[in-house]
Amino acid sequence: MSSESSSELDCFRQLHRTDEIFAIIQQHSGSEFQLQNQLRKNYSQDLVRAALTLSELRTRGRAKFSQADQMWFDRKSLEQSTPELVSRHKSARFSGTVYDFCCGMGGDLVALAKEACVIGVDLDPILCQFAVWNSEVYGVSEMVSLINSPLEEFQDRQGRLHIDPDRRPGSGGKVIRIEDYLPGLETLLKLIPQFQGGAIKLSPASNFAGKFPETETELISLNGECKEATIWFGDLAGEQEFRATAISKTGEVNSIAGHPLDAFVNITPPGSYIYDPDPSVVRSGLLDVAASQYSLSRLDSEEEYLTSTSPVDSAFFRRFKILAELPNNEREIRKYFRTASFGQLEIKCRRIPVSIEGLRRKLSLKGEAAGVLIIARLEGKARALICERE
């Protein structure tokens with residue numbers, strides 16, 4: 001451990017023993033400058049800086065974790081952490097002994113520990129300490145052990161594996177290619193046959209297609225945003241090659257599995273309704289599979305929007321009722337909205353470049369109703385569909 005890391009770890013351990021500082025921060029009603037001056041009367045500058053940063057991160061972490069107000073993380077580990085509802089969904093497949101490689105601050109680890117005995121392994125001693133404390137916050141510390149070690153030096157392989165490779169290696173920004181992860185594709189492929197089964201967490205924007213033969217690729221969305229691609233292997237892989245899973249903000253899970261070539265749906269003119277598919281369905285390639293299951297058709301071979309004459313309810317689609325169809329012509333669109341009753345307007349497009357804010361500024365929105373303008377390609381031609389959200 002470097003002297004810098006050791007000093008930082010000592011600071012966090014001192015902060016862990018001085019948790020009353022967070023109560024002072026929460027109760028303070030003045031300016032941040034006044035707060036810093038108050039804290040520095042009793043605490044060191046490093047401790048105050050660490051406490052204020054962690055307090056800010058805990059506030060941001062509420063979007064991911066139910067216990068964020070008590071958790072421990074730094075900026076990078078919070079950004080890369082798996083949201084709690086997603087971790088909970090993944091952990092349901094695990095049992096027995098699980099190694100959580102690149103465990104970070106323990107977002108997946110605490111969920112896994114509710115289903116299995118978990119051994120967390122990470123190169124960063126500070127993150128290992130965070131993972132220990134976070135397992136205590138979630139009441140699963142008895143099911144967890146942490147090892148601060150490089151993966152290359154850790155040889156145990158008895159059980160299942162969860163691994164979350166670093167997608168921000170070094171001081172650079174996010175990388176997309178799996179080959180640039182740490183560890184990269186070559187190491188990930190070598191790990192697969194060494195374990196009974198497991199899961200590899202990847203960015204949904206990564207180049208995962210065709211990289212992991214004889215596995216199941218699950219695209220997982222949370223509240224309409226695709227969060228990760230999970231590569232399931234060994235005895236944890238499902239029978240189908242691809243899966244799309246949509247998780248609502250309340251934790252409701254909907255899943256569909258298959259292969260992109262399992263179904264083919266017709267292209268038709270728009271019916272009474274248009275559907276915006278969940279990104280997990282789109283990214284998994286299962287758009288036609290899902291459309292076929294719900295008797296929907298496509299508007300264009302390159303367009304993800306779907307349509308039907310009768311309303312269809314599904315967690316995989318957001319439904320809009322079509323009120324009017326116009327040419328994708330700014331003059332015609334402006335003319336329509338001059339007499340429309342809309343005061344709020346959501347503008348959506350997928351494949352057609354549109355300056356959304358530029359167009360919005362040119363429209364007359366003097367009513368009270370909420371509308372949706374969808375600009376989409378219909379059988380090769382760009383059209384504007386005026387809708388209301390159902």
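Look a little higher up for the structure.
Peer 1: Tell me what's going on with the layout of surface pockets, and back it up with residues and numbers.
Peer 2: Taken as a whole, the largest pocket spans an internal volume of roughly 840 Å³. Every element with two or more residues in the lining of the largest pocket is listed here: α5 (75-80), β1 (97-101), α7 (107-112), β2 (117-122) and α9 (185-191). Its residues placed into classes, the lining of the largest pocket shows 13 nonpolar, 12 polar and 11 charged.

Peer 1: Lay out the packing of aromatic side chains in plain terms, naming residues and giving numbers.
Peer 2: This model, assessed by the stated rule, comprises 16 aromatic pairs. A connected cluster of aromatic rings, assembled from ring pairs, spans Phe12, Phe22, Trp72, Phe130 and Trp133. One Lys or Arg, Arg93, reaches over the ring of Trp232 and ends 4.1 Å from the middle of that ring.

Peer 1: Which residues make up helix α2 (residues 20-27), and what values do they have?
Peer 2: Buried within α2 are the following residues: Ile21, Phe22 and Ile25. Here the buried residues of α2 occupy an arc of 100° about the axis, which is enough to place them on one side. Opposite the packed face of α2, turned more than 90 degrees from it, sit the exposed residues Gln26 and Gln27.

Peer 1: So what's going on with the pattern of salt bridges? Which residues, and what values?
Peer 2: A complete count under the given rule lists 32 salt bridges for this structure. Between Arg168 and Glu79 there is a salt bridge whose closest N-O contact spans 3.6 Å. Here the residue Arg168 occupies a position in the loop between β4 (160-163) and α9, and Glu79 occupies one in helix α5, the gap between them amounting to 89 residues. Arg168 gets classed as partly exposed once you look at its relative accessible area, which sits at 21%. The salt bridge involving Lys211 is made with Glu179; its shortest N-O contact spans 2.9 Å.

Peer 1: Account for the packing of helix α3 (residues 32-40) against helix α4 (residues 45-61), with residues named and values stated.
Peer 2: In contact at an axis separation of 9 Å, α3 and α4 are set at 135° when each is read in the N-to-C sense. When the axes of α3 and α4 are compared, the pair comes out oblique. Handedness of the crossing formed by α3 with α4: right-handed. Together, Leu35, Gln36, Leu39 and Arg40 of α3 and Gln45, Val48 and Leu52 of α4 make up the contact between the two elements. Taken together, the residues that form the contact of α3 with α4 break down as four nonpolar, two polar and one charged.

Peer 1: Report on the sheet that holds strand β13 (residues 317-327), specifying residues and quantitative values.
Peer 2: One open sheet accounts for seven strands, arranged β11-β12-β10-β13-β16-β15-β14; its pairing is mixed. A single partner strand is all that each edge strand has here, and the edge strands are β11 (297-298) and β14 (342-349). Helix α12 (residues 330-338) rests against β13, β14, β15 (369-378) and β16 (381-389) of the sheet, and its axis sits at about 105° to β13.

Peer 1: Report on the packing of α2 against α4, specifying residues and quantitative values.
Peer 2: Where α2 contacts α4, the axes come no closer than 10 Å and their chain directions differ by 65°. Of the possible angle classes, the one that applies to α2 and α4 is roughly perpendicular. In the crossing of α2 with α4, the sense of the turn from one axis to the other is right-handed. For the pair formed by α2 and α4, the contact residues are Ile21, Phe22 and Ile25 on the first element and Ala51, Leu52, Leu54, Ser55 and Arg58 on the second. For the contact of α2 with α4, the per-class residue count stands at six nonpolar, one polar and one charged.

Peer 1: Quick one: what's the story with the nonpolar core, residue by residue and with numbers?
Peer 2: Residues Leu15, Phe22, Leu39, Phe65, Trp72, Phe73 and Phe130 are the most contacted members of the largest nonpolar core, which totals 43 residues. Taken together, the elements giving at least two residues each to this core come down to α1 (3-17), α2, α3, α4, α7 and α8 (125-137). A total of seven residues in this core trace back to one element, the largest contributor, which is α4. If we ignore the near neighbours within four places in the chain, the residues touching Leu39 are Ile21, Ile24, Ile25, Val48 and Leu52. Within the second largest apolar cluster, 26 residues are counted, among which are Phe101, Phe154, Leu185 and Phe233.

Peer 1: For unusual backbone geometry, give the residues involved together with the corresponding values.
Peer 2: Residues Leu182 and Pro183 are joined by a peptide bond in cis, for which omega reads 0°. One non-glycine residue, Cys102, lies in the positive phi region at around 55°. On the secondary structure map, Cys102 appears in the loop between β1 and α7. The class of Cys102 is buried, set by a relative accessible area of 17%. Phi is positive for Glu379, close to 50°, though the residue is something other than glycine. Its place among the elements puts Glu379 in the loop between β15 and β16. Assessed through its relative accessible area of 52%, Glu379 is described here as exposed.

Each value, and the rule that gives it
- Residues numbered from 1 in each chain as written.
- Predicted model: local features only at pLDDT ≥ 70, side-chain atom pairs only at ≥ 80, totals over all residues.
- Heavy atoms only, no water.
- 1 Å grid on protein atoms, 1.4 Å probe; cavity = no way out; pocket = protein on both sides within 12 Å on 5 of 7 lines; lining within 4 Å.
- Points joined across faces, edges and corners; volume = space filled by probe spheres on them.
- Helix = DSSP H or I, 4+ residues; strand = E, 2+ residues; numbered from the N terminus.
- Nonpolar A, V, L, I, M, F, W, Y, C, P; charged D, E, K, R; others polar.
- Phe/Tyr/Trp six-rings, centres within 6.5 Å; stacked < 30°, edge-to-face > 60°.
- Lys NZ or Arg CZ within 6 Å of the ring centre and 35° of its normal.
- Buried < 20%, exposed > 50% of the residue type's maximum accessible area, 1.4 Å probe, protein only.
- Arc of directions from axis to C-beta.
- Salt bridge = Lys/Arg side-chain N within 4 Å of Asp/Glu carboxyl O.
- Axes fitted to C-alpha atoms, helices over the stretch in contact; angles between N-to-C directions.
- Parallel < 35°, antiparallel > 145°, perpendicular 65-115°, else oblique.
- Left-handed = near helix turned anticlockwise from the far one by under 90°.
- Contact = heavy atoms within 4.5 Å.
- Pairing = 2+ DSSP bridges.
- Core = buried A, V, L, I, M, F, W, Y, C linked by side-chain atoms within 4.5 Å.

The values reported here are purely geometric and, on their own, carry no functional implication.
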